[in-house]
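Take a look at the letters that make up each chain.
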Amino acid sequence: QVQLVESGGGSVQAGGSLRLSCAASGIIFAINDMGWYRQAPGKQRELVATITDSGSTNYADSVKGRFTISRDNAKITINLQMNSLKPDDTAVYYCEAEGVRFYGDSPRVFWGRGTQVTVSS
């Protein structure tokens, strides 16, 4: 199985910064797209940012210009640098990866357990 472990969440005041990290481990043949999603209380989980194995990125409009996603393919890790944080960014942030565990495996989606980000005004 593939495990995704997030770190770096916490509490910060509006305007501050946090950096999230996610490391993949376990039985991995190939990981393609990876990304960050978030879920605020009472809301559906939403995309924050994604990055392909070749480095192409995609961001939610609400975080463009403030968040930056990056990836280390050798270590199978992704990071999310979050600047100019707003109270609306408060949510549980989840790491997501799409890949296969072994040659011939069907493509699967894996999720981390999430890390809390709280932004106070």
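Everything that follows concerns the structure shown earlier in this document.
Now for a description of the structure that goes with this document. (Residues numbered from 1 in each chain as written. Predicted model: local features only at pLDDT ≥ 70, side-chain atom pairs only at ≥ 80, totals over all residues. Heavy atoms only, no water.)

1. Some thoughts on the pairing of strand β4 (residues 30–39)
Part 1 of the reasoning: Summarising the sheet, β4 and strand β9 (residues 91–100) pair through eight bridges and their orientation is antiparallel. Directly across from Met-34, in β9, lies its bridge partner Ala-97. (Pairing = 2+ DSSP bridges. Helix = DSSP H or I, 4+ residues; strand = E, 2+ residues; numbered from the N terminus.)

2. Some thoughts on the sheet that holds strand β7 (residues 67–72)
Part 1 of the reasoning: Taken in spatial order, the four strands line up as β1-β3-β8-β7 in an open sheet, and their pairing is antiparallel. The sheet is open, and its two borders are formed by β1 (2–7) and β7, each paired with just one other strand. For this sheet, the mean angle separating the axes of adjacent strands, direction not counted, is 15°.
Part 2 of the reasoning: Direction of pairing for β7 relative to strand β8 (residues 77–82): antiparallel, over a ladder of six bridges. Bridge pairing in β8 links Ile-69 to Leu-80. (Axes fitted to C-alpha atoms, helices over the stretch in contact; angles between N-to-C directions.)

3. Looking at the environment of Gly-16
Part 1 of the reasoning: Residue placement: Gly-16 occurs in the loop between β2 (10–13) and β3 (18–26).
Part 2 of the reasoning: Here the alpha-carbon distance between Gly-16 and Val-100, two residues 84 residues apart in the chain, equals 37 Å.

4. Brief notes about the pairing of β9
Part 1 of the reasoning: Taking burial as the measure, the ten residues of β9 include eight buried ones, the bulk of the element.
Part 2 of the reasoning: Two strands pair when backbone bridges link them, and β9 and strand β11 (residues 115–120) are joined in this way by three bridges, in the antiparallel orientation. Residue Val-92 lies in a different strand from β11, and its bridge partner there is Gln-116. (Buried < 20%, exposed > 50% of the residue type's maximum accessible area, 1.4 Å probe, protein only.)

5. Side note on the side chain of Glu-96
Part 1 of the reasoning: With respect to the element layout, Glu-96 can be found in strand β9.
Part 2 of the reasoning: In this structure, Glu-96 is buried with no salt-bridge partner, the nearest side chain bearing the opposite charge being Arg-71 at 8.6 Å.
Part 3 of the reasoning: Each residue touching Glu-96, except ones within four places of it in the same chain, is listed here: Leu-4, Asp-33, Met-34, Gly-35, Tyr-37, Val-109, Phe-110 and Trp-111. (Lys, Arg positive; Asp, Glu negative; His and termini not counted. Salt bridge = Lys/Arg side-chain N within 4 Å of Asp/Glu carboxyl O. Contact = heavy atoms within 4.5 Å.)

6. Topic: the state of the cysteines
Part 1 of the reasoning: The full count for this structure, using the stated rule, is one disulfide.
Part 2 of the reasoning: Through a disulfide, Cys-22 is tied to Cys-95; the S-S separation comes to 2.0 Å. Taking the torsion about the sulfur-sulfur bond, which here is approximately -80°, the covalent link between Cys-22 and Cys-95 counts as left-handed. Of the two residues, Cys-22 sits in strand β3 while Cys-95 sits in strand β9, which places them 73 residues apart along the sequence.
Part 3 of the reasoning: Among the residues examined, Cys-22 registers a relative accessible area of 1% and is labelled buried.
Part 4 of the reasoning: Judged by relative accessible area, which is 0%, Cys-95 ranks as buried. (Disulfide = S-S within 2.5 Å.)

7. A few points about the side chain of Asn-79
Part 1 of the reasoning: Locating Asn-79 in the fold gives a position in strand β8.
Part 2 of the reasoning: Polar side-chain contacts of Asn-79 include one of 2.7 Å to the side chain of Ser-21.
Part 3 of the reasoning: In contact with Asn-79, other than residues within four places in its own chain, are Arg-19, Leu-20, Ser-21, Trp-36, Thr-68, Ile-69 and Ser-70. (Polar contact = N/O pair within 3.5 Å; in protein donor to acceptor, adjacent residues only side chain to side chain.)

What is shown is where atoms sit, not what they do.
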